[in-house]
Amino acid sequence: MIWKRSAVLRFYSVCGLLLQAAASKNKLKGSQGQFPLTQNVTVVEGGTAILTCRVDQNDNTSLQWSNPAQQTLYFDDKKALRDNRIELVRASWHELSISVSDVSLSDEGQYTCSLFTMPVKTSKAYLTVLGVPEKPQISGFSSPVMEGDLMQLTCKTSGSKPAADIRWFKNDKEIKDVKYLKEEDANRKTFTVSSTLDFRVDRSDDGVAVICRVDHESLNATPQVAMQVLEIHYTPSVKIIPSTPFPQEGQPLILTCESKGKPLPEPVLWTKDGGELPDPDRMVVSGRELNILFLNKTDNGTYRCEATNTIGQSSAEYVLIVHDPNALAGQAGPDHALIGGIVAVVVFVTLCSIFLLGRYLARHKGTYLTNEAKGAEDAPDADTAIINAEGSQVNAEEKKEYFI
């Protein structure tokens, strides 16, 4: 009985080995046709990268992630490298996903996913780390700048990978003619880029914002900017504005001296014909205004307004001619006289036409009556008188036509 029992155990043992061998053979045959699938990953410095390795069909074959230094990060769901930044996202027979947080530039490189078949199959995934450019800085501006000076502004940013792009804007209009310089940083991974803008300033540049804009793929379409507001000093510009275009004798006049400059000129100086104002009682200066009360002919002349600031001096002149109110009224008369003259001519022509027409009609009637009477006198009877009258009318018509 002991012998039979041993034989039975030996039989089952052999069968088990045969079954295990067949299973192993089928497992190897099924997994050899599979390859792990990975994708390259791009992440901004300081962000989190997700590395995923997938297998469509897998017969319990292990998956592994390793870093560029060939150090194993995860073997299935077991962590192999002590790095708190590396965590397991998902582990199954078909997928092994891990995350790397707070990514640095040193994490960049080629990562390997291995499928432990016979032989081992691998797939590579390249991790690209983008270096974020630092906030740009503008240098070269010292306030204030004098009108006509040549200004040179430089915008610089460091730490970009790949090298960032710098653009200049003035009054929201891009300036193309600039210089660009790219230098590799000490870590030999990132870049420092700078751009220089040269232009000659004028008074229209005062208060204008010059913007340096840094574009980079790590900024997610939100560029970094630096702004410099320009302060330009320039000599005053002066203009005199009268309160009325036709100053009249006996009326007041206000001359306003409009002056612009930086620094602002204050106060202004008024003169007449190269000297002081002759009548301070009637000519009162209030700020930038010259008030002349009750104009008269003696006020005629050249008035000068002068404005000065720390940059320079400028002036404007106004020639005052005081008009006689009566003369101005007379200047408006010819229009009425012309209209009256035209009306008089029309009336005269109309009356003459009526007179001539009446006279013509009167003369025509008298001739007719005279000829008719003459025919009646020569005729022996009434019938002959009528015939003679008609003949006279015919002769009259002939004479009339002749006269005409």
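What comes next concerns the included structure. (Residues numbered from 1 in each chain as written. Predicted model: local features only at pLDDT ≥ 70, side-chain atom pairs only at ≥ 80, totals over all residues. Heavy atoms only, no water.)

1. So, the overall build of the protein chain
When helices and strands are counted, the protein chain shows three helices and 25 strands. In the protein chain, the proportion of contacts linking residues at least 24 apart, taken out of those at least 6 apart, comes to 60%. As displayed, the protein chain offers around 25500 Å² of accessible surface, 56% of which is attributable to carbon and sulfur atoms. (Helix = DSSP H or I, 4+ residues; strand = E, 2+ residues; numbered from the N terminus. Contact = heavy atoms within 4.5 Å. Areas by Shrake-Rupley, 256 points an atom, 1.4 Å probe, with all protein chains shown as cover.)

2. A few points about the environment of Leu63
Take Leu63: it is sitting in strand 3 (residues 63–66). Separated by 54 residues in the primary sequence, Leu63 and Thr117 place their C-alpha atoms 9.6 Å from one another.

3. Quick look at the packing of aromatic side chains
The geometry of an aromatic ring pair comes down to the distance between the two centres and the angle between the two planes. Tallied over the entire structure, the rule returns one aromatic pair. Positioned over the ring face of Phe35 is Lys121, at 5.4 Å from the centre of the ring. Against the face of Phe191 rests Lys182, its NZ or CZ located 5.4 Å from the ring centre. (Phe/Tyr/Trp six-rings, centres within 6.5 Å; stacked < 30°, edge-to-face > 60°. Lys NZ or Arg CZ within 6 Å of the ring centre and 35° of its normal.)

4. Side note on the sheet that holds strand 25 (residues 313–320)
Strands pair in a sheet through their backbones, by hydrogen bonds, and they do so in one of two ways: parallel or antiparallel. One open sheet holds the three strands; their spatial order is 21-24-25, and the pairing between them is antiparallel. Two strands close off the open sheet at either side, each with one partner strand: strand 21 (268–272) and strand 25. Each strand of the sheet is rotated relative to its neighbour by a mean of 20°, with strand direction disregarded. Of the strand pairs in this sheet, strand 24 (residues 301–308) and strand 25 are connected by eight bridges, and their pairing is antiparallel. Residue pairing for strand 25: Cys305 is matched across the bridge by Ala316. (Pairing = 2+ DSSP bridges. Axes fitted to C-alpha atoms, helices over the stretch in contact; angles between N-to-C directions.)

5. Regarding a nonpolar patch on the surface
A grouping of Val343, Val347, Leu351 and Ile354 is seen on the molecular surface, where their side chains present a nonpolar patch of about 380 Å² in accessible area. Here Leu351 shows up in helix 2 (residues 325–378). (Patch = residues over 30% accessible without salt bridge, like charges linked within 9 Å, V, L, I, M, F, W, Y side chains within 5 Å. Salt bridge = Lys/Arg side-chain N within 4 Å of Asp/Glu carboxyl O.)

6. Re the side chain of Ser314
Along the chain, the position of Ser314 falls in strand 25. Polar side-chain contacts of Ser314 include one of 3.4 Å to the backbone oxygen of Pro236. Ser314 has contacts with Pro236, Ser237, Val238, Cys305, Glu306 and Ala307, leaving out every residue within four places of it along the chain. (Polar contact = N/O pair within 3.5 Å; in protein donor to acceptor, adjacent residues only side chain to side chain.)

7. Examining the state of the cysteines
Scanning all chains against the criterion turns up three disulfides. Residue Cys53 pairs covalently with Cys113 via a disulfide, S to S 1.9 Å. Since a negative S-S torsion denotes a left-handed disulfide, the Cys53-Cys113 link at about -75° is left-handed. Linking Cys53 in strand 2 (residues 49–54) with Cys113 in strand 8 (residues 109–115), this pair joins segments that are 60 residues apart in sequence. In the protein chain, the bonded cysteines, numbered by position in the sequence, are linked as 1-2, 3-4, 5-6. (Disulfide = S-S within 2.5 Å.)

8. Let's talk about the pairing of strand 9 (residues 121–130)
Where strand 1 (residues 41–44) meets strand 9, four bridges bridge the pair, whose relative direction is parallel. By the bridge assignment, Thr42 is partnered in strand 9 with Thr128. Relative to strand 9, strand 8 runs antiparallel, the two being bridged by seven bridges. Bridging from a neighbouring strand, Gln110 pairs with Tyr126 of strand 9. The antiparallel pairing of strand 8 with strand 9 creates a hairpin that spans five residues between the two strands.

9. Structural notes on the nonpolar core
As a rule of thumb, soluble globular proteins bury nonpolar side chains together. Judged by nonpolar contacts, the single largest core of 22 residues is most densely connected at Leu63, Trp65, Ile98 and Leu127. Of all hydrophobic cores here, the second largest spans 19 residues; its members include Ile240, Val268, Met283 and Val322. (Core = buried A, V, L, I, M, F, W, Y, C linked by side-chain atoms within 4.5 Å. Buried < 20%, exposed > 50% of the residue type's maximum accessible area, 1.4 Å probe, protein only.)

10. A short note on the environment of Trp168
As for its placement among the helices and strands, Trp168 is situated in strand 13 (residues 165–170). We classify Trp168 as buried; its relative accessible area is 0%. With 13 residues separating them in the primary sequence, Trp168 and Cys155 have C-alpha atoms 8.9 Å apart. At a separation of 2.9 Å, a polar atom in the side chain of Trp168 contacts the side chain of Ser195.

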